[in-house]
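Each chain, letter by letter, is given below.
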Amino acid sequence: MQTSSTILMVRPANFGFNPETAENNFYQKQDSRSQDEIRQLARAEFDGFVALLRDQGVNVLVIEDSDTPVKTDAVFPNNWFSTHPDGKLILYPMFSPNRRLERRKDIIEQLMHLGFQVNEIVDLSFF
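Residues numbered from 1 in each chain as written. Predicted model: local features only at pLDDT ≥ 70, side-chain atom pairs only at ≥ 80, totals over all residues. Heavy atoms only, no water.

Asks: Residue-level account of the sheet that holds strand β4 (residues 88-91), with values.
Replies: Judged by pairing direction, the sheet is mixed, and its three strands sit side by side in the order β3-β4-β5 without closing on themselves. Because the sheet does not close on itself, it has two edges, and the strands there are β3 (81-83) and β5 (120-123). Adjacent strand axes in the sheet meet at a mean angle of 15° when their direction is disregarded. Here β4 runs beside β5; their pairing, made up of four bridges, is parallel. Counterpart to K88 in the pairing with β5 is E120. (Pairing = 2+ DSSP bridges. Helix = DSSP H or I, 4+ residues; strand = E, 2+ residues; numbered from the N terminus. Axes fitted to C-alpha atoms, helices over the stretch in contact; angles between N-to-C directions.)

This is the structure we're talking about:
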């Protein structure tokens, strides 16, 4: 079993329906609530989950999503990068052009500034 004592989470600024990815994402459904209500609910759920994890002793690094460009799926950073115990950081390709906007160099820089070991960056994003 592999466990982690630290996780990174991106607090959503514009969470919502992404029509560009909906046709090939089974879990994505159009919602009748307003975009503003969905955003507020997503932030509240996010904040509650962070609190729950921290109450259980998990170190949670919270990165605020930027308001622009709008990135409805920014809460899922595991789709564009992963970190590994040997100090490797892998950048992954993103099928949808609007998902590619989630890539943020500043997030990687913040990880390094916080002392996370990054020995090698493997960039597969060009695929």
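The discussion continues.
Asks: Explain the packing of aromatic side chains to me, using residue names and the numbers behind them.
Replies: Inspection of the entire model under this criterion finds three aromatic pairs. When the ring of F26 is compared with that of Y27, the centres are 5.3 Å apart and the planes differ by 85°; the resulting orientation is edge-to-face. Judged by its relative accessible area of 72%, Y27 falls in the exposed class. Relative to F81, the ring of W80 has its centre 4.6 Å away and its plane inclined at 55°; by these criteria the two rings are tilted. Each member of the pair, W80 as well as F81, is classed as buried. Taking the ring centre of F26 as reference, the NZ or CZ of K29 above it sits at 4.4 Å. (Phe/Tyr/Trp six-rings, centres within 6.5 Å; stacked < 30°, edge-to-face > 60°. Buried < 20%, exposed > 50% of the residue type's maximum accessible area, 1.4 Å probe, protein only. Lys NZ or Arg CZ within 6 Å of the ring centre and 35° of its normal.)

Asks: Please give an account of helix α2 (residues 35-55) that cites residues and values.
Replies: With 21 residues, α2 should reach 30 Å at 1.5 Å per residue; the first-to-last C-alpha distance of 30 Å fits that figure. Burial in α2 covers these residues: I38, A42, F46, V50 and L53. Projected down its long axis, α2 carries its buried residues within an arc of 105°, all on one side. Of the surrounding secondary structure, the elements contacted by the buried residues of α2 are β1 (6-11) and β2 (59-64). Among the residues trailing α2, G57 stands out with phi positive, at a value near 90°. (Expected span 1.5 Å × (residues − 1). Arc of directions from axis to C-beta. Contact = heavy atoms within 4.5 Å.)

Asks: Tell me about the side chain of T21, and name the residues and values.
Replies: For T21, the location among the structural elements is in helix α1 (residues 19-22). Residue classification places T21 among the buried residues on the basis of a relative accessible area of 9%. Apart from the residues lying within four places of it in its own chain, the contact partners of T21 are Q28, D73, S96, N98 and R99.

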